[in-house]
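# A closer look at the structure
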Amino acid sequence: MDFSEGTPYTGSVPQFSPDGQYIAHAQACRLVVREASSLAVVALFSVPEQVEALAWSPDSVHILAGPLRTGSVLVFSVEDSAWSCCIEEGSAGCVRACWSPSGAHVLLVADFCIRLSVWSLVGQTCLQLQGPKHAHAGLAFSPDGLQLAVAQRSACKDSVAVYDTRTWQLEGRWSPGTQDLADMAWNPDGSCLAVWEAPTVGHGLLVLSPGGEVLARSASPGAGLGIRTVAWSPSGQLLAIGSYDGEVQLLSSYTWQQLASFPHPGAVQGPVGLVAYSEVEEERTVLGPRNGVAGVSGPASRIPRSSPSKDGEGGWREEEPMTSACCPQSTGAEPDDQGQTRSRFLVSALPMSLQPQRPAADRPPLRMGIGTMLWSHDGTYLATRCDSTPNTVRVWDSGKLALASLVCLKKPVRSVAWDLDSNRLMMCSGYGKLYLWTADGASCVHIPLPGMKAGTLSWHPTQPSLLLASRDSFACAFL
């Protein structure tokens, strides 16, 4: 695996453009656009204040940069550096900004959700819609981009409004029958909408048609701690529901009946065929040079190989070969800067106990239940992380409806992402390592960049590479 040089940034986390050609990030009062392949600067834009929100248009032509606290956002063009646009909400303020799927409109949510403004970059007009119930939830575009569903609340009653995004006219408004609607999500073909209750109400979820007809209902009022995460499988045949109780329910879209329940206990005993990988630390002097990959096999070991060196072309670093498969981690206050210890995976014997972590009740928001739930690109696997055991990622096989693998790290998992084209799962924990899981095995990779403690990661839209970001710098990794 190769790495680019680290690049400083401020504010919002850097992002790939949807077509994968560029990376946008902020640096002080500048918006910087770089080539994704070489990190060469292709455009610089000035902004009046630090960028709090950053978003590419779906066609990768425009970038939205938001110093939201000023009640305004800026829009820049990658193709025409002389063109720019400033959208101001005035005294209403702004708490959220996003693109429409066509890339021709910018949506702004005002302070206290008093209104939803739709600004046209083509006609230079503004439409004001009724304010949404939530600023950062309850707005869902259909997969084809032709409809926008907005959760609203008036006179202490929930409603869902559906707008035609071509004209922004109201197609219909109906009551979902919820007491306190938390969020909603379209299925992949746009034929139905999942709507679920806030945890204060209990465990309640409804599946509705775009016209408001109730297709299915999964409700247990007052039972459990409510729903935290919901995810449709890529095919739309399965609906995964993660609860604050630490359990995942899997529903079939054909019968709307529960197919399986995936609990997340602190002790794991099976099933037969389960492979559990545990990270272990060893002295670096025993294991060899600083840079390297640590792997352990499941059925067959396949550790990612380094691509050809690009040293001198954009400053890529290639990892040094190792005499032993391992990855570094150090001890002390700055674990990965000193490099005193290294890590590798071992296959653990079952049954095994996982490292628990009690939620800090005095530091909201309360972190418990299924905090992460992601489907692989083809729906074969479902990766979950329960906040009561934050060091562990579980990988479930949707065909066998069983737990396929456990990946147990030394530190809490900060970010998880599936490869967009294959069943490769990458993880990071806010330190100088990456963790890769496939059905063939698991491996650790040390990041050979001083101070790079990857806390977030994202896959390139089309290439086998990743964007890694720490608190103040980012880099690219190439498989």
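Residues numbered from 1 in each chain as written. Predicted model: local features only at pLDDT ≥ 70, side-chain atom pairs only at ≥ 80, totals over all residues. Heavy atoms only, no water.

### Re the overall build of the protein
When its secondary structure is counted, the protein shows two helices and 44 strands. Among the 479 residues that make up the protein, the fraction classed as buried is 54%. Look at the contacts in the protein between residues 6 or more apart in sequence, and 48% of them connect residues 24 or more apart. Accessible area of the protein: about 20,400 Å², with a carbon and sulfur share of 49%. (Helix = DSSP H or I, 4+ residues; strand = E, 2+ residues; numbered from the N terminus. Buried < 20%, exposed > 50% of the residue type's maximum accessible area, 1.4 Å probe, protein only. Contact = heavy atoms within 4.5 Å. Areas by Shrake-Rupley, 256 points an atom, 1.4 Å probe, with all protein chains shown as cover.)

### So, the sheet that holds strand β25 (residues 247-252)
On the basis of which strands lie adjacent, the open sheet formed by four strands has the order β23-β24-β25-β26 and antiparallel pairing. A single partner strand is all that each edge strand has here, and the edge strands are β23 (227-232) and β26 (258-263). Along the sheet, successive strands turn relative to each other by an average axial angle of 20°, direction set aside. Where β23 meets strand β24 (residues 238-243), five bridges bridge the pair, whose relative direction is antiparallel. Within β24, the residue paired with T229 across the bridge is G242. (Pairing = 2+ DSSP bridges. Axes fitted to C-alpha atoms, helices over the stretch in contact; angles between N-to-C directions.)

### Focus: a negative patch on the surface
Where like charges cluster on the molecular surface, the negative patch consists of D19, D59, E79 and D80. Since its relative accessible area comes to 41%, D59 is described here as partly exposed. (Patch = residues over 30% accessible without salt bridge, like charges linked within 9 Å, V, L, I, M, F, W, Y side chains within 5 Å. Salt bridge = Lys/Arg side-chain N within 4 Å of Asp/Glu carboxyl O. Lys, Arg positive; Asp, Glu negative; His and termini not counted. Charge placed at Lys NZ, Arg CZ, Asp CG, Glu CD.)

### Observations concerning unusual backbone geometry
G270 connects to P271 through a cis peptide bond whose omega is 10°. Residue placement: P271 occurs in the loop between β27 (267-268) and β28 (275-283). Between L350 and the following residue, P351, the backbone shows a cis peptide bond with an omega angle of 0°. Here P351 shows up in the loop between β32 (341-347) and β33 (352-353). Although it is not a glycine, W168 adopts a positive phi angle of roughly 60°. Following the sequence through the fold, W168 ends up in the loop between β17 (157-164) and β18 (169-174).

### What to know about the pattern of salt bridges
Pairs can form between side chains of opposite charge once their charged atoms are near each other. Counting across every chain of the model gives 12 salt bridges. The partner of R166 in a salt bridge is D164, and the shortest N-O contact between them spans 3.1 Å. Judged by its relative accessible area of 12%, D164 falls in the buried class. Two residues, R385 and D387, come together in a salt bridge whose shortest N-O distance is 2.2 Å. Note on R385: relative accessible area 14%, which makes it buried.

### Here's the deal with the environment of P210
Turning to its location among the elements, P210 is positioned in the loop between β21 (202-208) and β22 (214-221). Taking relative accessible area as the criterion, P210 reaches 28% and is therefore assigned partly exposed. Separated by 37 residues in the primary sequence, P210 and R173 have C-alpha atoms spaced 10.0 Å apart.

### Side note on the side chain of S465
On the secondary structure map, S465 appears in strand β43 (residues 465-469). Other than its neighbours up to four places away in sequence, S465 contacts S458, W459, H460, A477 and F478.

### Here's the deal with the confidence of the model for the protein
Here the protein shows a mean pLDDT of 87. Residues at 70 or above account for 85%. Note on residues 286-291: pLDDT is under 50 here. Beyond four places in sequence and across chains, it has 25 contacts. Across residues 299-338, confidence stays below pLDDT 50; counting only partners more than four residues off in sequence or on other chains, it has 130 contacts. (pLDDT = per-residue confidence, 0-100.)

### Considering the sheet that holds strand β15 (residues 139-141)
An order of β15-β16-β17-β18 is seen for the four strands of this open sheet, with the pairing classed as antiparallel. Two strands in the sheet have a free side with no partner beyond their single neighbour: β15 and β18. Shown here is a sheet whose adjacent strand axes are inclined to one another by a mean of 25°, direction ignored. Note: strand β16 (residues 147-154) against β17, eight bridges, orientation antiparallel. Each residue of the ladder has a partner; that of Q147, found in β17, is D164.

### A look at the pairing of strand β9 (residues 72-77)
Side-chain positions along a regular strand alternate between the two faces of the sheet. With six of six residues buried, β9 lies mostly within the body of the structure. The alternating pattern of β9 places S72, L74 and F76 and V73, V75 and S77 on opposite faces, both of which are buried. In the sheet, strand β8 (residues 62-66) pairs with β9 via four bridges, with the strands oriented antiparallel. The residue bridging L64 from the neighbouring strand is V75, located in β9. Hairpin connection between β8 and β9: a loop of five residues separates the two successive antiparallel strands, and G71 in this loop has a positive phi of roughly 75°. Two successive antiparallel strands, β9 and strand β10 (residues 84-88), enclose a turn made up of six residues.

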